[in-house]
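# An overview of the molecular structure
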Amino acid sequence: MNEQSALSHWVKFDYDNIDTRPKQYDKYLVCRKDGKIHWETWNGSGWAYNHNEIKYWAAIIPPTI
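Below, the structure is looked at part by part. (Residues numbered from 1 in each chain as written. Predicted model: local features only at pLDDT ≥ 70, side-chain atom pairs only at ≥ 80, totals over all residues. Heavy atoms only, no water.)

## What to know about the packing of aromatic side chains
- Scanning the entire structure with this criterion turns up 6 aromatic pairs.
- On the numbers, 5.1 Å between centres and 75° between planes, the contact of Tyr 28 with Trp 57 is edge-to-face. Of this pair, Tyr 28 sits in strand E2 (residues 26-32) while Trp 57 sits in strand E4 (residues 54-58), placing them 29 residues apart in sequence. Residue Tyr 28 shares its accessibility class with Trp 57, and that shared class is buried.
- A ring pair is formed by Trp 42 and Trp 47, whose centres lie 5.0 Å apart and whose planes are at 75°; its orientation type is edge-to-face. Each member of the pair Trp 42 and Trp 47 is classed as buried.
- The lysine or arginine in question, Arg 21, covers the ring of Tyr 15, its NZ or CZ lying 4.0 Å from the ring centre. (Phe/Tyr/Trp six-rings, centres within 6.5 Å; stacked < 30°, edge-to-face > 60°. Helix = DSSP H or I, 4+ residues; strand = E, 2+ residues; numbered from the N terminus. Buried < 20%, exposed > 50% of the residue type's maximum accessible area, 1.4 Å probe, protein only. Lys NZ or Arg CZ within 6 Å of the ring centre and 35° of its normal.)

What follows is the structure, encoded as structure tokens:
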């Protein structure tokens with residue numbers, strides 16, 4: 001079987017801690033306080049929507065072809 005990782009890892013988000021912010025503008029998989037998981041855009045300085053609700057984020061790793 002030829003498997004590849006699709007998810008980097010979940011990062012616990014704390015806006016006041018720069019180390020927990022995504023490093024670049026992109027879409028990320030996020031988990032909100034209420035447990036809902038969906039796509040969210042990091043605009044370089046904050047989340048485009050639901051900013052105070054985001055608890056975790058993860059980058060999706062595209063497959064190598």
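## What about the sheet that holds strand E3 (residues 37-42)?
- Ordered in space as E1-E4-E2-E3, the 4 strands form an open sheet in which the pairing is antiparallel. Edge positions in the open sheet fall to strand E1 (11-12) and E3, since each of these has one partner strand only.
- Pairing analysis gives 6 bridges linking E2 to E3, with the strands arranged antiparallel. Counted as the bridge partner of Tyr 28 is Glu 40 from E3. (Pairing = 2+ DSSP bridges.)

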